[in-house]
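# Architecture at a glance
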Amino acid sequence: MRRATIRDVAALAGVSPATVSRALNDAPEISPETRERVRAACRQLGYVPNAAAKGLAGRATHVIGLVVPDVSNPYFTGIATAIEETAAENGYRVLLSNSLQEEAQELQAIENFLARQIDGVVISPQSRESQVRHRQMLEGVPCVYLGVNHDGRRSYVMADNEAGAYRAASYLLDLGHRDLVFLGGRADSRTRALRETGFRRALEERGLTGRVLPPPPEGWDLRQWGYDQAVELFRQRPLPHAILAFSDLTALKILEAAEEQGIRVPEDVSLVGYDNVSYTAIPRIHLTTVSQHKFQQGRIAVERLLRQIRGDRLPTADLLQPELVIRSTCIPRTEGGASV
């Protein structure tokens, strides 16, 4: 199949090739409506602007693009830091774009990177659906995906989410806890689905069911929902034995709710987070959590990307095994049922 041209885009958008060029360069005389029509045509056709195509064909820029869903999340901050450090060690700069968990923002970021003639891109897609939308745009462009939202056809680096949740739940069961709760994550999150599967598998192996609290309705603030669910949970009696939080950010809201409700962690309820972000090691928090080796993921992603930039386009698959980091928010239960 031949590569789409600027004339193909112009025909589909109903404008002239010159207008397409001006729209892609954000010329002020082009209306927002025309600009969006042109960009929609580019996405549909998988069109890469000529400047980017020329740069990728032979004029290296020594710049790579990075798209993450939420740079304010310490997990993605850690990955971005590792990517920038590894790129710098190899003579590359990194352009960072925060998609703000919006599919349109993610697609716009990729368009901007291609227009800037980047040598390759590392992306943590918002969803598998968004990855399908930008797959054509990145045809022939060195690319590595981070996380679970990909189709497996291109290179990716990810941690085994099911295994991580399984290990966390098994650890709680080994401590004598039986009434386990899984809390947090979005309804449409594939990451949540995998962690829930690992949680349930650990319980089923011991003839238990556990409880999975519902995700928030669409549009609700994820962290506030986690806090509200924790408050409701702590008002009930008997209390659950232990909670596996979807993320460390969720665990922090659970700790906040527990303190406000007079619930002691770990004396009354044990708690495990997920991600091992930097603040979890602070003595006052000292959260038991699951590490996804985020710094290692970032380093590997850059190494795989540089291999593609240098000409080796064979897809690579890196699945890292998570590690349970045991700290102070979990203790065993006595035979009578109370934690010790």
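Each chain has its residues counted from 1, running along the sequence as written. The predicted origin of the model limits local features to residues at a pLDDT of at least 70 and limits the giving and counting of side-chain atom pairs to 80 or more, whereas totals for whole chains, interfaces and linings rest on all residues. With hydrogens and water stripped out, all remaining heavy atoms of the structure feed into the side-chain values.

In this section: the confidence of the model for the chain. In this model, the chain carries an average pLDDT of 88, and 93% of its residues clear a pLDDT of 70 or more. Confidence drops under a pLDDT of 50 for residues 51-58, and excluding neighbours within four residues, the segment shows 13 contacts in the predicted structure. Summary of the metric used: pLDDT quantifies the predictor's per-residue confidence within the range 0 to 100. Here a residue-residue contact requires only that any non-hydrogen atoms of the pair lie within 4.5 Å.

Cis rather than trans, the peptide bond between Arg237 and Pro238 has omega equal to 0°. By definition, any uninterrupted DSSP run of H or I lasting at least four residues is a helix, any uninterrupted run of E lasting at least two residues is a strand, and each is numbered from the N terminus. When you line up the elements, Pro238 lands in the loop between helix H10 (222-234) and strand S8 (242-245). A cis amide bond links Val265 to the next residue, Pro266, at an omega of 15°. The topology assignment puts Pro266 in the loop between helix H11 (248-260) and strand S9 (270-272). One non-glycine residue, His286, lies in the positive phi region at around 45°. In this structure, His286 sits in the loop between S9 and strand S10 (289-291).

Okay, the side chain of Ser247 next. Counting through the fold element by element, Ser247 comes out in the loop between S8 and H11. A distance of 3.1 Å separates polar atoms of two side chains, one belonging to Ser247 and the other to Thr250. Ignoring sequence-local partners within four residues, the contact set of Ser247 consists of Gly273, Tyr274 and Asp275. Pairs of N or O atoms are called polar contacts if they sit within 3.5 Å, as long as, within protein, a hydrogen donor faces a hydrogen acceptor (for residues adjacent in sequence, only side-chain-to-side-chain pairs).

Let us look at the sheet that holds strand S1 (residues 63-68). Ordered in space as S2-S1-S3-S4-S5-S11, the six strands form an open sheet in which the pairing is parallel. The open sheet has two edge strands, strand S2 (93-98) and strand S11 (317-320), and neither has a second partner. When strand polarity is set aside, the average angle formed by the axes of neighbouring strands in this sheet is 15°. Relative to strand S3 (residues 120-123), S1 is paired through four bridges, and the arrangement is parallel. Note on S3: the bridge partner recorded for Val67 is Ile123. Sitting on the sheet, helix H12 (residues 294-309) touches S1, S3, strand S4 (143-146), strand S5 (155-159) and S11, and the angle it makes with S4 is about 160°. Should DSSP find at least two bridges between two strands, the strands are regarded as paired. Helix axes are fitted to C-alpha atoms over the stretch in contact, other axes to C-alpha atoms as well, and angles between N-to-C directions run from 0 to 180 degrees.

A word on the sheet that holds strand S7 (residues 211-212). Across a sheet, strands are paired by hydrogen bonds formed along the backbone, either parallel or antiparallel in direction. A sheet is described by the order of its strands in space; here four strands give the open sequence S7-S6-S8-S9, paired in parallel fashion. The sheet is open, and its two borders are formed by S7 and S9, each paired with just one other strand. Contacting strand S6 (180-183), S8 and S9, helix H8 (residues 161-174) runs over the sheet at an angle of about 170° to S8.

Take the environment of Arg154 next. On the secondary structure map, Arg154 appears in the loop between S4 and S5. The spacing of Arg154 and Leu314 is 160 residues in sequence and 8.6 Å in space, taken between C-alpha atoms. Look past the residues within four positions of Arg154 in its chain and what remains in contact with it is Leu138, Val141, Pro142, Cys143, Tyr145, Gln308, Pro315 and Thr316. A distance of 3.3 Å separates a polar atom in the side chain of Arg154 from the backbone oxygen of Leu138.

H12 packs onto helix H5 (residues 74-89) with a crossing angle of 40° between their chain directions and a minimal axis gap of 8 Å. Here H12 runs oblique to H5, going by the angle between their axes. The chirality of how H5 crosses H12 is right-handed. Residue-level contacts link Pro74, Tyr75, Gly78, Ile79, Ala82, Ile83, Thr86, Ala87 and Glu89 of H5 to Lys294, Phe295, Gln297, Gly298, Arg299 and Val302 of H12. Residue type decides the class: Asp, Glu, Lys and Arg count as charged, Ala, Val, Leu, Ile, Met, Phe, Trp, Tyr, Cys and Pro as nonpolar, and the leftover types, Gly among them, as polar. A class-by-class count of the residues in the contact of H5 with H12 yields eight nonpolar, four polar and three charged. Every angle not falling under 35 degrees, over 145, or within 65 to 115 is termed oblique; those three ranges are roughly parallel, roughly antiparallel and roughly perpendicular. By definition, any crossing whose near helix is turned counterclockwise from its far helix by less than a right angle is left-handed, and any crossing with a clockwise turn is right-handed.

Remark: exposure states derive from per-residue accessible area (1.4 Å probe, protein chains only) relative to the maximum for the residue type, with buried under 20%, exposed over 50%, and partly exposed in between. Most of S5 is tucked away, with five of its five residues classed as buried. Side chains Ser155, Val157 and Ala159 project from S5 onto one buried face, and the interleaved Tyr156 and Met158 project onto a second face that is buried too. With three bridges connecting them, S4 and S5 associate as parallel partners. By the bridge assignment for S5, Tyr145 is matched with Tyr156.

Once that is clear, we can look at the nonpolar core. Among the buried residues, those of types Ala, Val, Leu, Ile, Met, Phe, Trp, Tyr and Cys that are joined through side-chain atoms within 4.5 Å form a nonpolar core. Ile64, Ile83, Phe234, Ile243, Ile254 and Leu271 are the most contacted members of the largest nonpolar core, which totals 45 residues. Secondary-structure elements contributing two or more residues to this core are S1, H5, S4, S6, H10, S8, H11 and H12. When sequence neighbours within four positions are dropped, the list of residues in contact with Ile243 reads Leu172, Val181, Leu183, Leu233, Phe234, Ile254, Val269, Ser270, Leu271 and Val272. With 19 residues, the next largest nonpolar core counts Ala168, Tyr171, Leu173 and Ala242 among its residues.

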